[in-house]
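Letter by letter, the chains look like this.
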Amino acid sequence: MCDSSIPAAYRAPAADATTDPDADRRRDFPPAPEPLPVPVMDNHTHLDFPEGKGPVGIKAALDAAAAVGVQGAVQVGCDLESSRFTVEAVDLDERLLGAVALHPNDAPHYAARGELEAALAEIEQLAAHPRIRAIGETGLDFYRTEGEGLRHQEYSFRRHIDIAKRLDLTLQIHDRDAHDDVVRVLREEGAPERVVFHCFSGDEDLARTCNEQGWWMSFAGTLTFKNAANLRAALAVADRQLVMVETDAPFLTPHPHRGRPNASYMVPYTVRAMAELTGSDLAGLCTAISENTARAYGSWS
């Protein structure tokens, strides 16, 4: 693959001859896709998570995204450190909005140290920044947490819902192997006005529930994976006014580059897959995604 097709910010130096070429390739960023005809936003990324062969600055990362029609992003916090970073980052570049929260897998660790209440209080303070537009990512994860940790996870989720409602912020949900319980908690607490299922991982049933409730479904590179028939079925029934796109970078790189680092400039691969799967006009789908994202988070300007 010609290295010149990779955005300059993500180009790696020439590989050392002693380096395992396969391992080296897995750390290389993929080539840039063709630009989208209408700009969209990456509504979930982690610019503070290092990946690939070296750090990429915020401006360079957003410049690379803008070159292919991804004109901004939502930087997402997962713990206190990354949420603090998020607040700093949104002041550095107007193409960023932010979300702050304790990830469901981190909440039990804060609880075990007796620090959960203090951490939740700081999340609420950080969320007062005018460019923080969401509480997230929060939710339930039954894949990595079990036992007593699940109780702390659900308590944290309920507290995040409360913060989002009191501050009138969008709720950005992490839901892994926990669809029914996520919906149950949202209904018991009363969902905020705006809810986004980040990296939507459900099936047709959850998509229909989101349609009924007016909850946005954000699709990531996982949609393009060969084993993701459930996601493609969900997209087929999802209300077009409730569909968004994300990278969850540096994770979940779309096919055909799965396993390599991800970044916001990779969004067009997923959007084109969405258009093909739904038989949609690409420009029309991009317009809908852009409008949906603006309704969820407000203006970037």
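Residues numbered from 1 in each chain as written. Predicted model: local features only at pLDDT ≥ 70, side-chain atom pairs only at ≥ 80, totals over all residues. Heavy atoms only, no water.

Undergrad: So, unusual backbone geometry: which residues are in play, and what are the values?
TA: Note that the residue after Gly136, namely Glu137, is joined by a cis bond; omega there is 10°. Mapping Glu137 onto the fold places it in strand E4 (residues 132–141). Here the residue pair His255 and Pro256 is connected by a cis peptide bond, since its omega of 15° sits within 30 degrees of zero. A positive phi angle is found at Asp168, which is not glycine, with a value near 55°. Along the chain, the position of Asp168 falls in the loop between helix H6 (148–167) and strand E5 (170–176). Non-glycine residue Leu252 carries a positive phi angle of around 60°. Residue placement: Leu252 occurs in the loop between strand E8 (243–245) and helix H10 (267–278). (Helix = DSSP H or I, 4+ residues; strand = E, 2+ residues; numbered from the N terminus.)

Undergrad: Could you give me a rundown of the state of the cysteines, with the residues and numbers involved?
TA: For the coordinates displayed, the defined rule picks out 0 disulfides. With no disulfide of its own, Cys210 has Cys199 as its nearest cysteine by sulfur position, at a separation of 13 Å. (Disulfide = S-S within 2.5 Å.)

Undergrad: For the layout of surface pockets, give the residues involved together with the corresponding values.
TA: Space inside the largest pocket adds up to approximately 690 Å³. Lining the largest pocket are 27 residues, with His174, Arg176, Cys199, Asp248 and Leu252 sitting closest to its centre. Those elements giving two or more residues to the lining of the largest pocket turn out to be E4, E5 and helix H9 (229–237). Per-element tally for the lining of the largest pocket: the top contributor is E5, with 3 residues. Classifying every residue of the lining of the largest pocket by side-chain character gives 9 nonpolar, 10 polar and 8 charged. (1 Å grid on protein atoms, 1.4 Å probe; cavity = no way out; pocket = protein on both sides within 12 Å on 5 of 7 lines; lining within 4 Å. Points joined across faces, edges and corners; volume = space filled by probe spheres on them. Nonpolar A, V, L, I, M, F, W, Y, C, P; charged D, E, K, R; others polar.)

Undergrad: Break down the nonpolar core for me, with residues and values.
TA: Side chains of nonpolar character tend, in soluble globular proteins, to be buried together. Core analysis: the biggest nonpolar cluster contains 87 residues, and Leu186, Phe197 and Phe200 have the highest contact counts within it. Not counting residues within four places of it along the chain, the set of residues in contact with Phe200 comprises Leu206, Ala207, Cys210, Met217, Ser218, Phe219, Leu231 and Ala234. (Core = buried A, V, L, I, M, F, W, Y, C linked by side-chain atoms within 4.5 Å. Buried < 20%, exposed > 50% of the residue type's maximum accessible area, 1.4 Å probe, protein only. Contact = heavy atoms within 4.5 Å.)

Undergrad: Just give me the short version of the pairing of strand E3 (residues 96–100), but keep the residues and values in it.
TA: Within E3, 5 of the 5 residues are buried, leaving the element largely enclosed by the surrounding structure. The side-chain alternation of E3 yields two buried faces, one formed by Leu96, Gly98 and Val100 and the other by Leu97 and Ala99. Pairing of strand E2 (residues 70–76) with E3, which is carried by 4 bridges, proceeds in the parallel orientation. The partner of Val76 across the bridge, within E3, is Ala99. (Pairing = 2+ DSSP bridges.)

Undergrad: Hey, could you go over the packing of helix H3 (residues 80–90) against helix H5 (residues 116–126) for me, with residue numbers and the actual values?
TA: Taken N-terminus to C-terminus, the directions of H3 and H5 make an angle of 10°; their axes are 10 Å apart at the nearest point. What the angle tells us is that H3 and H5 run roughly parallel. Of the residues in H5, those touching H3 at Leu80, Ser83, Arg84 and Val87 are Ala119, Glu122, Ile123 and Leu126. Partitioned by chemical class, the residues of the contact of H3 with H5 number 5 nonpolar, 1 polar and 2 charged. (Axes fitted to C-alpha atoms, helices over the stretch in contact; angles between N-to-C directions. Parallel < 35°, antiparallel > 145°, perpendicular 65-115°, else oblique.)

Undergrad: Quick one: what's the story with helix H2 (residues 58–66), residue by residue and with numbers?
TA: Within H2 the residues assigned to the buried category are Ile58, Ala61, Leu62, Ala64 and Ala65. Down the axis of H2, the sector holding all buried residues measures 155°, keeping them to one side. Those residues of H2 that are buried are in contact with E2, H3 and E3. (Arc of directions from axis to C-beta.)

Undergrad: Residues and numbers for the environment of Glu122, please.
TA: Structurally, the position occupied by Glu122 is in helix H5. Along the backbone, Glu122 and Tyr269 are 147 residues apart, and their C-alpha atoms lie at a distance of 37 Å. Beyond its immediate stretch of four places on either side in the chain, Glu122 contacts Leu80 and Arg84.

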